[in-house]
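Listed below, chain by chain, are the residues.
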Amino acid sequence: MQPTYEMAEKQKALFIRGSGDREQDMEEEVADTAVPNIMEAAFHLEQAGVGLSAEESFRIYLALKQLVEQQPVHTCRFWGKILGLRRSYLVAEVEFREGEEEGEEEEGEELLEGAEALEPPGGEEEGEEDEEKVADAVPKPQWKPPPAVPKEESRTGANKYLYFVCAEPGRQWARLPHVTPAQIVCARKIRKFFTGHLDAPVVSYPPFPGNEANYLRAQIARISAATHISPLGFYQFGEEEGDEEDEGGAGRDSFEENPDFEGIPVLELVDSLANWVHHAQHILPQGRCTWVNPLQKTDEEEELGEEEEKGDEGPEEVEQEVGPPLLTPLSEDAEIMNMAPWTTRLSCSLCPQYSVAVVRSNLWPGAYAFASGKKFENLYIGWGHKYSPDNFNPALPAPVQQEYASGPEITEMSDPTVEEEQALRAAQEQALAATEEEEEDEEEEEDEDLDD
Amino acid sequence: MDTESLMLSLELAAGSGQGLSPDRRAALLTSLLLVKRDYRYNRVLFWGRILGIVADYYIAQGLAEDQLAPRKTLYSLNCMEWSLLPPATEEMAAQVATVKGRFMGDPSHEYEQTEFQKMSSEGEKPFEEDVVVQVKEETRLVSVIDQIDKAVAIIPRGAFFKTPYGPVHVNRTFEGLPLSEAKKLSSYFHFREPVSLKNKTLLEKADLDPSLDFLDSLEYDIPKGSWSIQLERGNSLVVLRSLLWPGLTFFHTPRTRNHGYIYVGTGEKNMDLPFML
């Protein structure tokens, strides 16, 4: 029974307040705290029949408080719970304070750059060796991998927030890495359950570039982009900065709270989906929120590019991908098989005056949003997969590549056998002997001629 | 879950995220009591909730004294007025097999399925015709509930016992599974007539207790790995979730009598399970 007591001890630690002057702590906490009022959101969601029990919500609140004390957090929110096979994940959506750069990200990038720096010297050494042994030069492959789409900067697009996960309130929070477009593109093609351990490999085809932590982050990004909604008017665009036309219609990607938001009556929220808007950016097919032309060469590549031939360019023009702009109403969402993508419900039909409007996503089962007066909240509790009316069709493996065409120059000829060699030698000796006899005959004839 | 311990059970099953709102809970406590009295059931279980597009179905089941006898299923749209559903038959299952997509939430809604039917008139060759068959949502509801029951309704070992005369009763001396047993799939049985029990070898049967081990255990479920066992709240609560019918949650507090299952979901089978494991 040890683990039970261990867990209880850890959770007891959550309940104990930190040391210090009690009065000062109380005032500081009441004044500014990054932890949201989870109990209120949980209460409203409970009216809709969604959410974890009240005690669990309180423990989650304490765990978030612990997270806020440990990390430089500016705002944080309980994003939801993703169920796994052996353990589940409690996910917190966090925004760091301005200027707090993520140290882990830099380490990761340095490792990558170090690995890349090692490769070119290796290539140069091989080049020198090849020049020496020209006869044995191995043909270099001409295939170049398609240029990788660069991942989005922190605090923009799909990486707008940082996510922390933990298995149970009381355990240590683990940070999830930022998501790359390649991971999102691959996550769209696979469908796997989460095991509950962040370092578990994701075995799939097409092979997922990362482990379960990356897959989890990619699914969280997709769910956030698709299901984070708010009542119309809660958020508004800030003042315009720059020309929209110059950016190629990329649209605005920032919004702020509307201080004059009056709240929409609950009945109107339930009746029409146009009263709700998405406040998370849509992820383009490329895997990012803002489109980037992958063929645009960076400065380093341009220097090398001048030396190479430019015959490969030209036919590879990529079209700009455009998605719905920010703050689009839900009524514009695509239908799934003649079914509305969202279901709205009044939480209690018996007392409509005190009810809460609840919206449930049919595309991502488990995504809920509620709104009541000026408050709203989004929550996701589920397995982390998209709903598809058709069965899952895994991607087929690539077709078998063509082999090198077999011709006479590479066909192996069989060596002559011993009998053939002897026969050949015998024939050659006979030919020699024949020519010698002819010469002797000629000499005899010449001698005879001379004699005469 | 048993209506007598509804509040506690709902709280224990809340880890899956879906539950009931307070007004529904209040309605259930009153109405299920009346159902028990009116229909004279021995036990009434709140089976769960099937989420539809327009409305949700709340399902309850009534059991007679013999726990393994066919259960009566009732549904309601508002947790107050319950209607009895007809028992499931194989023709219903065949009809419903082609219907895909979410439940609408309206019991009289009809799904239109086009089927190929071979019609042969006298003396002529049989030809195929597209016949539009209409399947009522009520039929689909009955069939889906039956499938879920047969596939994933579970009870812990020892909760029921079988008398020598045949009927199965609730075991009043059940004290709950010990923690070591609670983590194993073999301690949980399907709550339906046993199917594969007779295929066991004599050696295996020798170890079984005929009064307790008379049902199929979860160990031999296909596909393997279709159950997710988790210990929540620091090992004080065992939660089994089915991956074949996502939405079914079974909970049990080890060493206590609390156990039960609830289904809250869309009522669709997860056919992609082998790809997802």
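This structure is a prediction, so every number in the text was calculated from the model and none was measured. (Residues numbered from 1 in each chain as written. Chains lettered and ligands numbered in written order. Predicted model: local features only at pLDDT ≥ 70, side-chain atom pairs only at ≥ 80, totals over all residues. Heavy atoms only, no water.)

Visitor: Break down the pattern of salt bridges for me, with residues and values.
Guide: Scanning the entire structure with this criterion turns up 19 salt bridges over all chains. Of the charged contacts in the structure, one is a salt bridge between K81(A) and E232(B), with a shortest N-O distance of 3.6 Å. Of the two residues, K81(A) sits in strand β1 (residues 73–82) while E232(B) sits in strand β11 (residues 227–232), which places them in two different chains. Side by side, K81(A) and E232(B) carry an identical accessibility label, which is buried. When the shortest N-O distance is used, the salt bridge between R345(A) and D56(B) registers 3.3 Å. Here the residue R345(A) occupies a position in strand β9 (residues 342–346), and D56(B) occupies one in strand β2 (residues 56–63), the pair thus bridging two chains. As far as the burial class goes, R345(A) and D56(B) line up, both buried. Overlapping salt bridges bring together R345(A), R360(A), R49(B) and D56(B) as one network. (Salt bridge = Lys/Arg side-chain N within 4 Å of Asp/Glu carboxyl O. Helix = DSSP H or I, 4+ residues; strand = E, 2+ residues; numbered from the N terminus. Buried < 20%, exposed > 50% of the residue type's maximum accessible area, 1.4 Å probe, protein only.)

Visitor: Describe the interface of chain B and chain A, naming the residues involved and giving the relevant values.
Guide: The figure often quoted for interface size is the accessible area lost as the parts come together. Facing 44 residues of chain B, the contacting portion of chain A comprises 44 residues. Here chain B packs against chain A, burying approximately 3400 Å² in sum over the two surfaces, 48% of which is carbon and sulfur. Remark: the boundary between chain B and chain A carries 5 salt bridges. The salt bridge partner of R191(A) is D272(B), with a shortest N-O separation of 3.3 Å. The interface formed by chain B and chain A contains 19 residue pairs in polar contact (both at pLDDT 80 or more). Where the side of chain B that touches chain A is concerned, the elements lending two or more residues are α2 (22–39), β1 (43–51), β11, β12 (237–242) and α7 (273–276) of chain B. Sorting elements by how many residues they give to the side of chain B that touches chain A places β11(B) first, with 5 residues. Counted by class, the side of chain B that touches chain A contains 17 nonpolar, 15 polar and 12 charged residues. (Contact = heavy atoms within 4.5 Å. Buried area = accessible area lost by both parts, 1.4 Å probe. Polar contact = N/O pair within 3.5 Å; in protein donor to acceptor, adjacent residues only side chain to side chain. Nonpolar A, V, L, I, M, F, W, Y, C, P; charged D, E, K, R; others polar.)

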